[in-house]
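# Per-entry structural report
Next come the chains, spelled out residue by residue.
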Amino acid sequence: MIEYKSDEEKAEDVKAWWREYGSSVIAAIILAIVGLFGWEYWQKHQVQTTEAAALEYQKLLKTTDKTQSDKLVSELQASYAKTPYAALASLEAAKVAAEQGDLEAAAKALRWVMDNGKDPDLKLVTTLRLARVLLDQNKQDEALKLVDSVSSTAYESLKQELKGDIFVTKNQLNEAREAYKKAIAANQAGGNELIQLKLDNLGQGA
Amino acid sequence: MLQNLHDNIKGWASYVIVGMLIVPFALWGINSYFDGGKAIPAATVNGEEISSMQAQNRLAQIRQQFGPMAANMDPTTLKNMALDGVITQELMRQKVKEQGYRATPQQVFDVIAGMEAFQKDGKFDRAQYESILNANRRSSLEFEQGILDDLTNSQFQKGIAETAFITKAQATQYQALQNQKRDVSSFTVKAADFEAQIQVTDQQINEYYEKNKSSYMTEERIKVSYLTLKQDDYAKQVQVDEAGLQAYYEQNNDKYITPESRQTSHVLVAVTEPSKDAEAKAKADALYADILANKKTFEQAVAESDDKDTAAKGGALGEVVVGDWDPNFEKAVFALELNKVSEPIKTQRGYELALVTAIKPAEQKSFADVKAQVETDFRNTEAEKIFQEKLQSVQNIAYEQSGDLAPAAKAAGLTIQESDWFTQNAGTGIAENPKVRQAAFSEDVLKSGKNSALIPVTDTEGVVVRLASQEAPAQKPLADVKEMIVASLKAEEARKQAEAKGKELLEKVKAGGWAALEAAGIPTTAVQKSGLIGRSDSALNPELVQKAFSMGRPAKDQFTWDSLILPTGDYVLLSVAAVQDGTDEADANIAKGYSANLGNREALAAIEALREQAKIERHPDSF
């Protein structure tokens, strides 16, 4: 069946359609526009937050003043925990503390990353760093547990070197030797001198 | 189809369908309907494609880094390196995006300001920056975005590497290890001492020769026929007449000028080490201020100059001409008015004050005076044109008619010459040039018998070669190599005997200390007592030092014993009598080195972990 309609009838149809659906169409268009602006605003806000955090982190890397750096770190941890810079700042704080021999503060900063960090990959690195600090605090068993909790084979060399260090302090020299040897074999980055030094220092064993 | 649509679908349904059609066209355009399949990407990483173009660019970079070595490397290895590189980059990019890293505009500016190309007098210059970008047809927006991306993408890796640390206690411990000293003694059983008594029979020699025949071959030799084009040859043929020379002189008269020279004196405040730069600058500034204020004359300042040679002559340097001096100094001198003292100028030697005492202006040399020079220049210029033309035609003809050298020779009016015998590694005459040997031994010339490409021996000389005769590697007769074989056999046997003797002695000293050597007829004075030595001590062979430092720690008043066979076959007995750990305070720089090494390893491990988790498809054949 074919319908023929005059132009007036067609115009009538359009008008009828518009009466029925017009308000929905307008609502949809407005919603789309609001959504678009909202999205733009959200994006911009994200960039601004990240840039602010990145700036704080840059400041932290440059300052040598302890009060100033403590303030920057806690600010980043409190207000910018969603950005990666809070974690990086904590790692930097741990570095400074550990190099000055303040193991307590270093462990605290590293634990912040373990508890609040958003990046599982950064946490793996942090785990090994924390183990290194714990070892210096004579908490060998806890350190060993942390090392073993990292299952990725990419960290094999670093893990084995740490295990070697732990075994040495427990006077398990054969295990230490084995671990150092594995650390050297798994090291893809080169620069084995130090591990070799530690291994050699244990002698050949029985 | 559209008619059917119009006929059958009415009302709101038609709007919906048209609306749905609009979406794909708007997003992908009509192009994708005509493109057919897309090019295969070099790799996909977690569903994101890396174009073959990116991989290709990376490959080109790698080739450039390896330089000439790249030609000898397995192409598959290189491709895989390139692929690994771009995949790593993509992994880092994805990580950084997921975590929301972002470099700051300040960092971008710091990087740009640090680039030497954009600096003027050691400082960032905006005008220069913009003009260089313009010249390369790049907008500053695009350039800065590129740097922002690069900086951002490296932040995950850098964040790990830069925050790595070793604790203070570990630094001290490593330092103690590094500075450890050991009390080492050694005795060497020399392999050479056994050689004299060793007899080698003809039968042994024959057997050895038969077994190692393949290592006693002559090298492959070839002769080539070749064409040489020399620019100098054409210089002699250039037609010269007086009018032509005169015209050349007129056109190039700026070449025939005695340049301006300035009689100059100076005062030098030397900078002996970079840390004293500020001190020197202050002194130079003070001298300058004193001269300006008429508190000192230039001559008095000269008395304080660090350039003692010229100070004796009132600071006189002689005539300064463009091109002979430190560029900063030159620039200042030529900007100076007569008899005025310059501000302190930073030069390679330190800070200098300059004084111009006379100016001899630039002077045009007359045609008559420089006629000989003009003629040489004219000939060279003309010869270069002819040379380039001939080079072009020889190159083309030798390539087009690659089975024969004669057409190329004829076209350039050259005669074909023949070389002497040469090998891949050595030759005389034309084959002295390694580029020529490389071309002669290339696949095309040696195997396919074609003309070589044009070899640019120098800027003014080109050569084309083709194979004339070839001599395959041949077996060297026994007589030629007998001496070498005897030496090898003797060394081998001496090595065995030294080892046997050494092992026997090792058992003895382990039981009875170094004194036990006496019983074997060796005086204890033959034992080398090195005393307490460090890891980098040069008193002993480095291999022995390394071995000594990997031996067990002896108990008090005891020795640990070990042995080592050196590449010479010498058998060395080693003892360690005491180990002394270093006691120095940890050195900050050394600790930094350890941290940097650790950071490097941690960052690499983290990237490796990303690779492990990622879904990666590689298509090495796509580029």
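Below: a short report on this structure. (Residues numbered from 1 in each chain as written. Chains lettered and ligands numbered in written order. Predicted model: local features only at pLDDT ≥ 70, side-chain atom pairs only at ≥ 80, totals over all residues. Heavy atoms only, no water.)

This paragraph deals with the sheet that holds strand S9 (residues 316-321) of chain B. All names here are of chain B. Pairing in this open sheet of four strands is antiparallel, and the strands run S9-S8-S11-S10 from one edge to the other. In the strand order of this sheet, the two ends are held by S9 and strand S10 (345-346), each with one partner. Two strands pair when backbone bridges link them, and S10 and strand S11 (residues 350-360) are joined in this way by two bridges, in the antiparallel orientation. Counterpart to Lys346 in the pairing with S11 is Tyr351. Where helix H15 (residues 277-292) meets the sheet, it contacts strand S8 (261-270), S10 and S11, and its direction lies at approximately 40° from that of S11. (Pairing = 2+ DSSP bridges. Helix = DSSP H or I, 4+ residues; strand = E, 2+ residues; numbered from the N terminus. Contact = heavy atoms within 4.5 Å. Axes fitted to C-alpha atoms, helices over the stretch in contact; angles between N-to-C directions.)

Any empty space left between the atoms is revealed when a probe the size of a water molecule rolls over them. All names here are of chain A. As enumerated under the stated definition, the model contains one cavity of 30 Å³ or more in all. Its volume calculated, the largest cavity comes out at about 70 Å³. As for the largest cavity, its lining consists of 13 residues, and the residues nearest its centre are Pro84, Ala87, Gly117, Lys118 and Asp119. Contributions of two or more residues to the lining of the largest cavity are made by helix H3 (84-99) and helix H4 (103-116). Top element by residues in the lining of the largest cavity is H3. It accounts for three residues. The residue inventory of the lining of the largest cavity, partitioned by class, reads seven nonpolar, four polar and two charged. (1 Å grid on protein atoms, 1.4 Å probe; cavity = no way out; pocket = protein on both sides within 12 Å on 5 of 7 lines; lining within 4 Å. Points joined across faces, edges and corners; volume = space filled by probe spheres on them. Nonpolar A, V, L, I, M, F, W, Y, C, P; charged D, E, K, R; others polar.)

To continue, consider the packing of aromatic side chains. All names here are of chain B. Following the criterion strictly, the structure yields 17 aromatic pairs over all chains and no others. Taking the centre distance of 5.6 Å and the plane angle of 55° together, the rings of Phe124 and Tyr129 count as tilted. On the basis of an interplanar angle of 75° and a centroid distance of 5.2 Å, the ring pair of Tyr174 and Tyr594 is categorised as edge-to-face. Separated by 420 residues along the polypeptide, Tyr174 in helix H10 (residues 168-178) and Tyr594 in helix H26 (residues 588-613) bring together distant segments of the chain. (Phe/Tyr/Trp six-rings, centres within 6.5 Å; stacked < 30°, edge-to-face > 60°.)

Across the contact, 49 residues belong to chain B and 53 residues belong to chain A. Surface buried jointly by chain B and chain A totals about 4500 Å² across both partners, of which 54% is contributed by carbon and sulfur atoms. Summed over the shared surface of chain B and chain A, the result is six salt bridges. One salt bridge in this structure joins Arg102 of chain B and Glu51 of chain A, with 3.2 Å as the shortest N-O distance. Along the contact surface separating chain B from chain A lie 21 residue pairs in polar contact (both at pLDDT 80 or more). Listed by contribution, the elements that provide at least two residues to the side of chain B that touches chain A are helix H5 (75-99), helix H6 (105-114), helix H9 (155-163), H10 and H26 of chain B. (Buried area = accessible area lost by both parts, 1.4 Å probe. Salt bridge = Lys/Arg side-chain N within 4 Å of Asp/Glu carboxyl O. Polar contact = N/O pair within 3.5 Å; in protein donor to acceptor, adjacent residues only side chain to side chain.)

Attention now moves to unusual backbone geometry. Negative phi characterises most residues that are not glycine, and trans characterises most peptide bonds. The phi dihedral of Asn171 of chain A falls on the positive side, at around 60°, and the residue is not glycine. Note on placement: Asn171 of chain A falls in the loop between helix H7 (156-169) and helix H8 (173-186). For Asn294 of chain B, which is not glycine, the phi torsion reads 60° and is therefore positive. Note on placement: Asn294 of chain B falls in the loop between H15 and helix H16 (298-303). With relative accessibility at 70%, the residue Asn294 of chain B sits in the exposed group. (Buried < 20%, exposed > 50% of the residue type's maximum accessible area, 1.4 Å probe, protein only.)

What follows covers the sheet that holds strand S1 (residues 43-45) of chain B. Residues and elements named next belong to chain B. The three strands lie next to each other as S2-S1-S19, forming an open sheet whose pairing is antiparallel. Two strands bound the open sheet, and with one partner strand each, they are strand S2 (48-50) and strand S19 (616-618). Each neighbouring strand pair of the sheet contributes to a mean axis angle of 20°, computed without reference to strand direction. In this structure, S1 lies alongside S2, joined through three bridges in antiparallel fashion.

The residue Lys95 of chain A is located in helix H3 in this model. Placed 11 residues apart in sequence, Lys95 of chain A and Ala106 of chain A show a C-alpha to C-alpha distance of 6.9 Å. Each residue touching Lys95 of chain A, except ones within four places of it in the same chain, is listed here: Glu162, Thr163, Ala164, Phe165 and Ser595 of chain B.

All names here are of chain B. Look at H9 against H26: their axes get within 7 Å of each other, and the N-to-C directions meet at 140°. Crossing of H9 over H26 shows right-handed handedness. Contacts from Phe156, Gln157, Ile160 and Ala161 of H9 reach H26 at Gly599, Glu602, Ala603, Ala606, Ile607 and Leu610. Counted by class, the contact of H9 with H26 contains seven nonpolar, two polar and one charged residues. (Left-handed = near helix turned anticlockwise from the far one by under 90°.)

All names here are of chain B. Relative to the helices and strands, Glu384 is located in helix H19 (residues 371-400). With relative accessibility at 40%, the residue Glu384 sits in the partly exposed group. Remark: the alpha-carbon pair of Glu384 and Asp232, spanning 152 residues in sequence, is separated by 8.7 Å.

Time to look at the nonpolar core. Among the nonpolar cores identified, the biggest contains 77 residues, and Tyr85, Leu122 and Tyr155 of chain A together with Leu83 and Phe156 of chain B are the most heavily contacted of them. Here this core takes nine residues from H3 of chain A, the largest share from any one element. Taken domain by domain, this core gets at least three of its residues from each of domain 1 (66-139) and domain 2 (151-206) of chain A. Listed in part, the 25 residues of the second largest apolar core include Leu227, Tyr249, Leu391 and Leu405 of chain B. (Core = buried A, V, L, I, M, F, W, Y, C linked by side-chain atoms within 4.5 Å. Domains from an automatic or database assignment.)

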